[in-house]
Amino acid sequence: MENSPKMSAQNLDFYYDDFRALYGITLDFQENQVTALIGPSGCGKSTLLRCLNRMNDLIPYSRADGKVLLDGEDIYAAGVDVVTLRRHVGMVFQKPNPFPKTIFENVAYGLRVNGMKDRGLLRGRVETSLKQAALWEEVKDRLNDSALGLSGGQQQRLCIARALAVAPEVVLMDEPASALDPIATQKIEELIHELKKDYTIIIVTHNMQQAARVSDVTAFFYLGKLIEADLTETLFTRPKLQQTSDYITGRFG
Amino acid sequence: MSMDVQDKKMDGINRKEGVQFRRRFIQAGMFSLFRISAVINGTALLVVVYFLVARGWHTINWTFLSQPPVDSMTQGGILPCIVGTLCLSIGAMAVALPIGVASAIYLNEYARPGRIVRLIRLGINNLAGVPSVVFGLFGLAFFVVYLEIGVSILAGSLTLGALTLPVIIGSTEEALRAVPDTYREASLGLGATKWQTIRCVVLPAALPGILTGTILGVSRAAGETAPIMFTAAVFYTPSLPTSIFDEIMALPYHIYVLATAGTDIEATRPLQYGTALVLIALVLGLNLVAIIYRSRLRKKR
C-alpha cells in the first residue's frame with residue numbers, strides 16, 4: 001500500500017438526520033485492486049460506498065463530514081460537479097436495475113446523456129462494453145429487445161456494461177450478486193477479476209467467501225466504525241482483532 | 001393407546017373441524033359481499049347506458065349529429081354542442097396537462113419534503129374538493145370579467161383546466177411515485193443530470209399512469225355544466241366557433257337548457273336523451289382512445 005491511492009476516505013463521518021452512520025472512517029482504495037467492504041447489516045459499509053460517488057446526496061437531511069479524495073482531490077469540496085464525479089465513479093446496484101428500454105439503449109444511455117450522438121460511435125462503445133461485461137455473445141442478436149426480458153444474471157451484467165460504457169475509473173458495487181443464483185454469481189465474480197485490470201473496484205458484500213475470492217484488500221466494519229482493514233489473505237487468516245476473527249468465523253453477525 | 005385417549009383426540013379434531021367450517025363459511029360470505037359490490041358497480045353503468053340508449057337512440061341520425069338546432073331548439077341537431085364540448089375538453093387539457101405534470105414533477109422530484117410541500121399538497125387536495133359551481137363563479141369573476149377575456153372557449157378552458165388540475169397533479173404524483181428509485185439511482189449514477197433522469201427515464205416510465213389521470217380529468221371536464229355556464233357556454237348560437245374567443249354551445253349545458261328552460265320541455269325529451277347519449281359516447285370514446293394508447297405504451301416495454 002505504498003503508492004498513492006486512487007480513492008481514499010479521510011476521517012469521514014456520515015449522518016442520516018440525527019443518526020450517525022459512520023464514525024471517522026479513514027481508508028485507502030488502491031488503483032487496479034478490488035477492495036471488499038464486509039460487516040453485518042447496518043454497519044455502514046453501503047453508506048460508505050454511497051459516499052464515494054455522493055449518491056447519499058439524494059437522501060434528504062443527510063450530511064457528510066470529512067474528506068473523500070479521488071486522485072487527491074476532495075469530492076466533497078465546494079464547487080465539485082457531482083454529475084461529472086459520477087461519470088468517473090460508476091456504480092452497480094444490489095438488485096439488477098436495467099431501464100425499461102432495449103438492451104442497446106440501456107448501455108448507450110450513459111453515453112447519450114453525456115452528449116454522444118454519433119450512431120456508429122455509440123454502436124462501437126456499446127459492443128465494447130457488452131464484451132467487457134461478458135454479455136456480448138448472449139445478446140448480440142437481440143440488442144433491440146427489451147432488457148427486462150433478460151435473466152437476473154444477464155441483467156446484472158448488463159448493468160455492469162452500462163456502468164462501464166461511460167468509461168469510469170472507479171466502479172462501486174453494492175452487493176452485486178446478492179440477488180443472483182450461484183452460477184450467475186460465479187460469472188460476476190470472474191468478471192470482477194477481469195475488470196480490475198482496467199478499473200479500481202470497491203465492492204460491498206455480505207458473503208465472506210465472496211470477499212475472500214474476489215478482493216485484494218478487505219475492510220471490516222461494525223456499527224459505523226472501521227474495525228480492521230488489511231490484505232484479504234491476511235485478514236482472513238490472521239486477523240489482528242478478536243472482533244474481526246469472530247465475524248469472519250461466523251460467531252456473530 | 002387407550003380408548004379414553006383416542007376419544008379425547010377425536011373430540012379435539014371434531015372441534016377443530018367446527019372451527020374450520022366457521023372460517024370457511026365466513027370467508028365465503030365475505031367474498032360474496034365483495035363480489036356483489038363489484039357487480040353493483042358494473043350494473044350501475046349498464047343501467048345508465050341502457051336507459052340512455054333506450055330513450056335516446058331513435059333521435060340519433062345524421063341530421064342530429066351534423067346540423068345546428070332549429071325551430072327554437074325543438075328540432076334539428078346538436079353539432080355546435082358537440083364541437084363546443086370537444087373544444088372545451090381539448091382546451092382544458094391543454095391548460096391542465098402541462099401545468100399539472102410540471103407541478104407534480106416539482107413536488108415529487110425536486111422539492112425537499114417539508115412544511116412547504118405539505119402546504120402545497122393540502123392546497124391541491126382542497127382544490128379538488130371545491131364544488132364545480134364555485135369554479136364557475138371564479139372563472140366568471142377572474143377570467144371573464146377581471147382579465148376581460150369575455151364568455152369564450154378560452155375562459156371556459158381555463159376554468160375547466162383549473163378544475164381538472166388537482167386530478168392530474170394527483171395521478172401524476174402517484175405515477176411518479178410508482179417509478180422505482182432504482183431507475184433514478186441508475187441514471188444519476190451514470191452521470192445524468194436530474195433533469196435528464198426525469199426526461200429520459202422517469203417520465204417515460206410514468207407516462208401510462210399520467211395518461212390515466214388525464215383521461216379521468218378530461219372525462220370530468222367534458223361533462224361539467226356549472227363551470228362553463230358563466231364562462232363559455234351560451235343558450236343558443238347557430239354558428240360554429242372560429243376562434244378561441246368565441247362563445248359556444250356545449251353538450252352538458254344544452255341538456256340542462258332543454259330540460260329546464262327550453263321552449264317546450266316535454267316535447268324535447270327525446271332530444272335531451274339523444275344529447276346525453278352523444279355526451280356519454282364522447283366521454284367513453286375519449287377514454288377508449290387513451291386506454292388503447294396506454295396499453296400500447298405498456299406493451300412496448
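Since this is a predicted model, take the numbers as computed values, not measurements.

1. Some details on the side chain of B:Thr159
Residue and element names in this part refer to chain B.
Okay, so step 1: Examined against the element boundaries, Thr159 turns out to sit in helix 6 (residues 153-178).
Okay, so step 2: Polar contacts involving the side chain of Thr159 include one to the main-chain carbonyl oxygen of Ala155, which spans 2.7 Å.
Okay, so step 3: The contact partners of Thr159, leaving out residues within four places of it in the chain, are Phe135, Gly136, Gly139, Phe143, Pro227 and Thr231.

2. A short note on the pattern of salt bridges
Okay, so step 1: Counted by the stated rule, this structure contains 21 salt bridges over all chains.
Okay, so step 2: For B:Glu185, the salt bridge goes to A:Arg50, with nearest N and O atoms at 2.6 Å. In this pair, B:Glu185 sits in helix 7 (residues 181-189) while A:Arg50 sits in helix 1 (residues 45-51), so the two residues belong to two different chains. An identical accessibility class is assigned to B:Glu185 and A:Arg50; each is buried.
Okay, so step 3: Here A:Lys197 makes a salt bridge to A:Glu194, at a shortest N to O gap of 3.2 Å.

3. Observations regarding the sheet that holds strand 8 (residues 200-204) of chain A
Residues and elements named next belong to chain A.
Okay, so step 1: The strand order 6-7-8-3-9-10 describes an open sheet built from six strands, whose pairing is mixed. Only two strands of the sheet have a single neighbouring strand rather than two, namely strand 6 (89-92) and strand 10 (225-231). Across the sheet, the mean angle separating the axes of adjacent strands is 20 degrees when strand polarity is ignored.
Okay, so step 2: As defined by bridge partners, strand 6 adjoins strand 7 (residues 170-174) across four bridges and the pair is classed as parallel. The residue of strand 7 that forms the bridge with Met91 is Leu172.
Okay, so step 3: Strands in contact with helix 6 (residues 152-165) are strand 6 and strand 7; relative to strand 6, the strand with the most contacts, it is inclined by about 170 degrees.

4. With respect to the sheet that holds strand 4 (residues 62-70) of chain A
Residues and elements named next belong to chain A.
Okay, so step 1: Taken in spatial order, the four strands of this open sheet run 2-1-4-5, and their pairing is antiparallel. Each end of this open sheet is capped by a strand with a single partner; those strands are strand 2 (19-29) and strand 5 (73-74).
Okay, so step 2: Bridge analysis of strand 4 against strand 5 gives two bridges, and the strand direction is antiparallel. By the bridge assignment for strand 5, Leu69 is matched with Asp74.

5. A short note on the domain arrangement of chain B
Residues and elements named next belong to chain B.
Okay, so step 1: What the domain assignment lists for chain B is domain 1 (2-58) and domain 2 (66-300).
Okay, so step 2: Spacing between the C-alpha centres of domain 1 and domain 2 amounts to 40 Å.
Okay, so step 3: Taken together, the contact pairs eight residues of domain 1 with six residues of domain 2.
Okay, so step 4: With both chains or domains summed, domain 1 and domain 2 bury close to 630 Å², and 83% of this area falls on carbon and sulfur atoms.
Okay, so step 5: When residues of domain 1 are sorted by the area they lose upon contact with domain 2, Leu52, Arg55 and Gly56 head the list and together hold 63% of the total.
Okay, so step 6: Our count for the contact surface shared by domain 1 and domain 2 stands at zero salt bridges.
Okay, so step 7: At the junction of domain 1 and domain 2, the tally comes to one residue pair in polar contact (both at pLDDT 80 or more).

6. Quick look at the packing of helix 3 (residues 79-110) of chain B against helix 8 (residues 194-223) of chain B
Residue and element names in this part refer to chain B.
Okay, so step 1: In the contact formed by helix 3 and helix 8, the axes pass within 9 Å of each other and the chain directions differ by 140 degrees. Viewed along their axes, helix 3 and helix 8 adopt a mutual orientation that is oblique. The interaxial crossing formed by helix 3 with helix 8 has right-handed handedness. Along the contact surface, helix 3 presents Thr85, Ser89, Ala92, Met93, Leu97, Val101, Ile105, Glu109 and Tyr110, while helix 8 presents Lys194, Trp195, Ile198, Val202, Leu203, Ile210, Thr214, Val218, Ala221 and Ala222.
Okay, so step 2: For the contact of helix 3 with helix 8, a count of residues per class yields 14 nonpolar, three polar and two charged.

7. So, unusual backbone geometry
Okay, so step 1: Of note in this structure, A:Tyr61 is not a glycine but carries a positive phi near 60 degrees.
Okay, so step 2: Tracing the sequence through the fold places A:Tyr61 in the loop between helix 1 and strand 4.
Okay, so step 3: Owing to a relative accessible area of 43%, A:Tyr61 belongs among the partly exposed residues under this scheme.
Okay, so step 4: One non-glycine residue, B:Glu148, adopts positive backbone phi at about 55 degrees.
Okay, so step 5: Within the secondary structure layout, B:Glu148 lies in the loop between helix 5 (132-146) and helix 6.

8. Let's talk about the pairing of strand 8 of chain A
Residues and elements named next belong to chain A.
Okay, so step 1: Most of strand 8 sits out of view: five of its five residues are buried.
Okay, so step 2: By the alternation rule, side chains of strand 8 split into Thr200, Ile202 and Val204 and Ile201 and Ile203, which are all buried.
Okay, so step 3: Looking at chain direction, strand 3 (residues 34-38) and strand 8 are connected through four bridges and run parallel. By the bridge assignment for strand 8, Ala36 is matched with Ile203.
Okay, so step 4: In this structure, strand 7 lies alongside strand 8, joined through five bridges in parallel fashion. The residue bridging Val171 from the neighbouring strand is Ile201, located in strand 8.
Okay, so step 5: Considered for its hand, the β-α-β crossover made up of strand 7, helix 7 (residues 182-195) and strand 8 is right-handed.

9. As for the interface of chain B and chain A
Okay, so step 1: With 19 residues of chain B at the contact, the number on the chain A side is 25 residues.
Okay, so step 2: At the junction of chain B with chain A, the criterion picks out one salt bridge.
Okay, so step 3: Summed over the shared surface of chain B and chain A, the number is six residue pairs in polar contact (both at pLDDT 80 or more).
Okay, so step 4: Mapped onto the side of chain B that touches chain A, the elements with two or more residues apiece are helix 7 and helix 8 of chain B.

Cut-off values and rules
Residues numbered from 1 in each chain as written. Chains lettered and ligands numbered in written order. Predicted model: local features only at pLDDT ≥ 70, side-chain atom pairs only at ≥ 80, totals over all residues. Heavy atoms only, no water. Helix = DSSP H or I, 4+ residues; strand = E, 2+ residues; numbered from the N terminus. Polar contact = N/O pair within 3.5 Å; in protein donor to acceptor, adjacent residues only side chain to side chain. Contact = heavy atoms within 4.5 Å. Salt bridge = Lys/Arg side-chain N within 4 Å of Asp/Glu carboxyl O. Buried < 20%, exposed > 50% of the residue type's maximum accessible area, 1.4 Å probe, protein only. Pairing = 2+ DSSP bridges. Axes fitted to C-alpha atoms, helices over the stretch in contact; angles between N-to-C directions. Domains from an automatic or database assignment. Buried area = accessible area lost by both parts, 1.4 Å probe. Parallel < 35°, antiparallel > 145°, perpendicular 65-115°, else oblique. Left-handed = near helix turned anticlockwise from the far one by under 90°. Nonpolar A, V, L, I, M, F, W, Y, C, P; charged D, E, K, R; others polar. Right-handed = clockwise from strand over helix to strand, strands pointing away.

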